[in-house]
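Fold and geometry: a report
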Amino acid sequence: MKSILTTTSTLLLMALLFMGCKQSMVISKVDYSQSIESVLKPDEEGVVKDAKHGLSFNIKPLQYAETRDTSSVTTEQVRYIRGQKGFYYITAPNYKNVYVMEAQKGSLKLKKKLSVSEKGVSRPAFNQRGEYIQLVNLETDEHWKVQPESITQVQSQIAKNEGE
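Residues numbered from 1 in each chain as written. Predicted model: local features only at pLDDT ≥ 70, side-chain atom pairs only at ≥ 80, totals over all residues. Heavy atoms only, no water.

Topic: a nonpolar patch on the surface
As a reminder of what qualifies: Think of a patch as exposed residues, more than 30% relative accessible area, with no salt bridge, where like charges cluster within 9 Å and nonpolar side chains (Val, Leu, Ile, Met, Phe, Trp, Tyr) cluster within 5 Å. Surface exposure here means Shrake-Rupley accessible area, sampled with a 1.4 Å probe, where a residue is shielded only by the protein chains that are shown. A carboxyl oxygen of Asp or Glu within 4 Å of a side-chain nitrogen of Lys or Arg is what we treat as a salt bridge. Under the scheme used here, helices are H or I runs from DSSP no shorter than 4 residues and strands are E runs no shorter than 2 residues, and both carry numbers assigned from the N terminus.
Together, M25, I27, V30 and Y32 give the surface a local cluster of nonpolar side chains, amounting to about 470 Å² of exposed area. By the element assignment, Y32 lies in the loop between α1 (2-20) and β1 (38-40).

A look at the pattern of salt bridges
For clarity, the cut-off: For every residue, the accessible area obtained with a 1.4 Å probe (protein chains only) is divided by the maximum for its type, and the residue is called buried under 20%, exposed over 50%, and partly exposed between those limits.
Evaluated as defined, the whole model comprises two salt bridges. For R79, the salt bridge goes to E37, with nearest N and O atoms at 2.6 Å. With R79 in strand β4 (residues 78-82) and E37 in the loop between α1 and β1, the pair connects residues that are 42 residues apart, well separated along the chain. Comparing R79 with E37 shows no difference in burial state: the two are buried. Residue E149 is joined to K111 by a salt bridge in which the shortest nitrogen-to-oxygen separation is 2.9 Å.

Notes on the pairing of strand β3 (residues 55-58)
Our working rule: Here the rule is simple: two strands pair whenever DSSP picks up at least two bridges between them.
Burial along β3 is one-sided: the residues L55 and F57 are buried and none of S56 and N58 is. Pairing geometry for strand β2 (residues 47-50) and β3, over four bridges, is antiparallel. In the sheet register, K49 faces β3, and the bridge partner there is S56. Taking the residues that link successive antiparallel strands as the turn, the β2-β3 hairpin has four residues, and the phi of G54 there is positive, at about 65 degrees.

Below you can see the structure in the form of structure tokens.
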């Protein structure tokens, strides 16, 4: 009888130990980037919806940061792209800034507001460039290298080739 109790106790103890050693799975080296920017038109409430990437949000806080006005939706389109590290880069025509947003449960939280130009970018476009996001003003051919913490204006390839 003592041997049965000892065996049962040992088996129970081993089962508890193995269950307590459960490891959580981690997948590393994840690339969150989307290769092409999304161009979205807000509705009358300021909500943009991207069915392809499963994202919707209200642009009024961004519009307010740019214009100090949310009495009506004046932003006609929003452009965003997601970088390798999972941050969303958002701007719109004539905005002076790029907003770097971090996805959180049910929200996008401002990580960094990056100043681009005092006059604004008239025709912005984002491109994925590996470790950074490229912002281009299609009207003036100005280019910027955008990272989560900084933005730097760079010379365009066309200007480089003309200078040679």
